[in-house]
Amino acid sequence: MSEQLDAPIVIIGSGFAAYQLIKAIRRSDQTVTIQVFTADNGDDYNKPDLSHVMSKQQLASDLVRASGMEIARELNFELHANSYVDSIDPEQHKIKVVGKAYPYAKLVVATGSKAFVPPMSGKAIDRIVTLNSLQEYQAAEQELALAKRVLVIGGGLIGTELSMDLATAGKQVITVDPCDQLMANLLPEYIATQLRKQMQQLGVQFAMSNKVSSINSSEDCRALQVELANGESLIVDTVISAAGLLANTQLAQQAGLAVNRGIVVDNQLQTSVTDVYALGDCAEIGGKVSAYLQPALVCANALAKTLLGHETAVVLPAMLVKVKTPHYPIQLAGQAVHQVNRWQLDIDADGMSVQAFDSRDDLQGFVVAEQHMNKAFGLLKRLGKAAV
Ligand SMILES: Cc1cc2nc3c(=O)[nH]c(=O)nc-3n(C[C@H](O)[C@H](O)[C@H](O)COP(=O)(O)OP(=O)(O)OC[C@H]3O[C@@H](n4cnc5c(N)ncnc54)[C@H](O)[C@@H]3O)c2cc1C
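Residues numbered from 1 in each chain as written. Predicted model: local features only at pLDDT ≥ 70, side-chain atom pairs only at ≥ 80, totals over all residues. Heavy atoms only, no water.

Asker: Summarise the overall build of the protein chain; cite the residues concerned and give the values.
Answerer: The secondary structure content of the protein chain amounts to ten helices and 24 strands. For 388 residues, the compact-globule estimate of 2.2 N^0.38 gives 21 Å, and the C-alpha radius of gyration of the protein chain, at 22 Å, lies within 12% of that figure. Principal-axis analysis of the C-alpha atoms places the extent of the protein chain at approximately 65 × 60 × 35 Å. Across the 388 residues in the protein chain, those meeting the buried criterion constitute 50%. At a minimum sequence separation of 6, the contacts of the protein chain that also span at least 24 residues come to 60%. When the accessible surface of the protein chain is summed, it comes to about 18500 Å², and 48% of that surface belongs to carbon and sulfur atoms. (Helix = DSSP H or I, 4+ residues; strand = E, 2+ residues; numbered from the N terminus. Rg over C-alpha atoms; globule rule 2.2 N^0.38 Å. Buried < 20%, exposed > 50% of the residue type's maximum accessible area, 1.4 Å probe, protein only. Contact = heavy atoms within 4.5 Å. Areas by Shrake-Rupley, 256 points an atom, 1.4 Å probe, with all protein chains shown as cover.)

The following block contains the structure:
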């Protein structure tokens, strides 16, 4: 027990969620011992920048704001870089890394998410590129710089941003999605249609209501031969999968923590096990996984207080999502697609906005495009606070 009392706060992961938590702890307490165990090198970068590295001609190294060593020194924590955590033992209050056990007083799982690659056949599936981390981009940056023809699997938020960026960088882009419209879970059809038109003007081609069924190397092995579900065959240089994210929950699951789509936490971010918390893309709060920066920031601020002895419940405010499609900029909040009773569409020469109302005729979500983005903050206020 005394070992437990002396033990540090241990954080698994060195992404946005982990570093925001440490910053919040350090604002109130400069001395509590914090150890970070991370599978990568701990470098600090802004993951959303990965959406526009091609048009900005940036290398992975250009995105690094501080090396792992630098940020560990600045925020006074012990960094265990390149240290994949193999298991958690909640009873013993220990984690294991390559057979060695490390004790914790409180443990925060901030293991993020991994890119989903839809099932398909073929011998070149291992050549599919994903862009959900700096390391993934680093591994693919040369290939992407040289590629002329790129197929993007996924027309959701990230797939759409990447497709526009690749086209802006002069690549021939084809975007494949099983839905018949872009960002089908976020955008009402009318705005999605305008976005698609803008992307077509940039040269993006679409294979909507379609899927990749197989990927093989081309005859000369230099390119990739992609078969689509509708029988079409394409030759491309690179395939990127941006078909969604899956929370990294295996570690938690093996340790017996409750897991659903993410690691299930209560409104204080505690998992089903005492002294173990989850934060960021891997956490499921109130039945929802919110893989965005703002909820991670709000949660990190609340969790810092809880870890320092002031139990604090998280209240997530309505959040504005900025879609990084600069040729047709969009902002949205709330739920503007599903379970909508009626939509109100406003269009003029400056752009368009859509407000979505529920069965009580309360605003439940909105999407604003182009100059109509100046309405976003007013509408966000009307959406109010959505308590967890
Ligand atoms: C291309 C792209 C664009 C985006 N754009 C936006 C945007 O515009 N706005 C927005 O709000 N959000 C955006 N997001 C989402 C946002 O970036 C993420 O929600 C956020 O970065 C997740 O942070 P995280 O710390 O939870 O996870 P991550 O950054 O994924 O960090 C997880 C950490 O856990 C470590 N790890 C995992 N397993 C283990 C293990 N077993 N042992 C040790 N370490 C482990 C990893 O090495 C990593 O350090 C975007 C995401 C992508 C991919």
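Asker: Can you break down the environment of Pro329 residue by residue, with the values?
Answerer: By the element assignment, Pro329 lies in the loop between strand 20 (321-323) and strand 21 (330-334). Sequence spacing of Pro329 and His372 is 43 residues, and the spatial spacing of their C-alpha atoms is 9.8 Å. Residues in contact with Pro329, not counting those within four places in the same chain, are Val323, Val368, Ala369, Glu370 and Met373.

Asker: Give a detailed account of the site of the ligand, specifying residues and quantitative values.
Answerer: Surveying the vicinity of the ligand reveals 31 residues, the closest of which are Asp40, Val85, Asp281, Leu293 and Lys324. Contact distances for the ligand include 2.9 Å between an oxygen atom and a side-chain N or O atom of Lys47. Between an oxygen atom of the ligand and a main-chain N or O atom of Ala110, the distance comes to 3.3 Å. Protein coverage of the free-state accessible area of the ligand, which is 1000 Å², stands at 89%. Among the residues making up the shell around the ligand, the classes are represented as 16 nonpolar, eleven polar and four charged. When residues are assigned to domains, the shell around the ligand turns out to be shared by domain 1 (2-114 + 245-307) and domain 2 (117-241), each giving three or more. (Near = heavy atom within 4 Å. Polar contact = N/O pair within 3.5 Å; in protein donor to acceptor, adjacent residues only side chain to side chain. Nonpolar A, V, L, I, M, F, W, Y, C, P; charged D, E, K, R; others polar. Domains from an automatic or database assignment.)

Asker: For helix 6 (residues 157-168), give the residues involved together with the corresponding values.
Answerer: Look at helix 6: 17 Å from first C-alpha to last across twelve residues, which is about the 16 Å you get at 1.5 Å a residue. What helix 6 keeps buried is the set Leu157, Gly159, Thr160, Glu161, Leu162, Ser163, Met164, Asp165, Leu166 and Ala167. Looking at the buried side of helix 6, the elements it contacts are strand 9 (149-153), strand 10 (172-177), helix 7 (189-201), strand 15 (238-241) and strand 20. In the stretch just after helix 6, Gly170 is the one whose phi turns positive, near 95 degrees. (Expected span 1.5 Å × (residues − 1).)

Asker: Tell me about the packing of aromatic side chains, and name the residues and values.
Answerer: Tallied over the full model, the rule gives two aromatic pairs. Ring centres of Tyr19 and Phe77 lie 5.8 Å apart, and the angle between their planes is 40 degrees; on these two criteria the pair is classed as tilted. Taken together, the residues Tyr19 in helix 2 (residues 16-28) and Phe77 in the loop between helix 4 (68-75) and strand 3 (78-80) connect sequence positions 58 residues apart. Looking at Tyr19, the relative accessible area reads 1%, which means it is buried. Note on Phe77: relative accessible area 8%, which makes it buried. The ring of Phe357 is capped by Arg342, whose NZ or CZ atom sits 4.1 Å from the centre of that ring. (Phe/Tyr/Trp six-rings, centres within 6.5 Å; stacked < 30°, edge-to-face > 60°. Lys NZ or Arg CZ within 6 Å of the ring centre and 35° of its normal.)

Asker: Lay out the pairing of strand 22 (residues 342-348) in plain terms, naming residues and giving numbers.
Answerer: Relative to strand 23 (residues 351-357), strand 22 runs antiparallel, the two being bridged by seven bridges. Along strand 23, the bridge assignment pairs Leu345 with Val354. What sits between strand 22 and strand 23 in their antiparallel hairpin is a turn of two residues. (Pairing = 2+ DSSP bridges.)

Asker: Which residues make up the domain arrangement of the protein chain, and what are the values?
Answerer: Looking at the assigned domains, one finds that the protein chain contains domain 1 (2-114 + 245-307), domain 2 (117-241) and domain 3 (329-387). Taken over C-alpha atoms, the centre of domain 1 sits 33 Å from the centre of domain 3.

Asker: How would you sum up the pairing of strand 4 (residues 85-89)? Please name residues and give values.
Answerer: Alignment of strand 4 against strand 5 (residues 94-97), held across four bridges, turns out to be antiparallel. Along strand 5, the bridge assignment pairs Ser87 with Lys96. Taking the residues between adjacent antiparallel strands as the criterion, strand 4 and strand 5 are bridged by four residues, where His93 takes a positive phi near 55 degrees.

Asker: Account for the packing of helix 2 against helix 9 (residues 293-307), naming residues and giving values.
Answerer: Where helix 2 meets helix 9, the closest approach of the two axes is 8 Å, and the angle between their N-to-C directions is 40 degrees. Considered as vectors, helix 2 and helix 9 are oriented oblique to each other. Both helix 2 and helix 9 take part in a crossing whose hand is right-handed. Here helix 2 contributes Phe16, Ala17, Gln20, Leu21, Ala24, Ile25 and Arg27 to the contact with helix 9, which in turn contributes Leu293, Ala296, Leu297, Ala300, Asn301, Leu303, Ala304 and Leu307. Each residue belonging to the contact of helix 2 with helix 9 can be placed in one class, and the counts come to twelve nonpolar, two polar and one charged. (Axes fitted to C-alpha atoms, helices over the stretch in contact; angles between N-to-C directions. Parallel < 35°, antiparallel > 145°, perpendicular 65-115°, else oblique. Left-handed = near helix turned anticlockwise from the far one by under 90°.)

Asker: For unusual backbone geometry, give the residues involved together with the corresponding values.
Answerer: Despite not being glycine, Gln339 shows a phi value in the positive range, around 50 degrees. Positionally, Gln339 belongs in the loop between strand 21 and strand 22. Under the relative-accessibility criterion, Gln339 is labelled exposed at 75%. The backbone of Asp361 shows a phi angle near 65 degrees, a positive value even though the residue is not glycine. Looking at where Asp361 falls in the secondary structure, it is placed in the loop between strand 23 and strand 24 (363-370).

Asker: Provide a residue-level description of the sheet that holds strand 2 (residues 34-37), including the pertinent values.
Answerer: Reading across the sheet, the five strands line up as 3-2-1-7-18 and stay open at both edges, with parallel pairing between neighbours. Single-partner strands in this sheet number two, and they are strand 3 and strand 18 (276-278). Taking the axes of each pair of neighbouring strands and ignoring which way they run, one obtains an average angle of 20 degrees across the sheet. In this sheet, strand 2 lies alongside strand 1 (residues 9-12) in parallel orientation, the contact comprising four bridges. Bridge pairing links Ile9 to Ile34 in strand 2.

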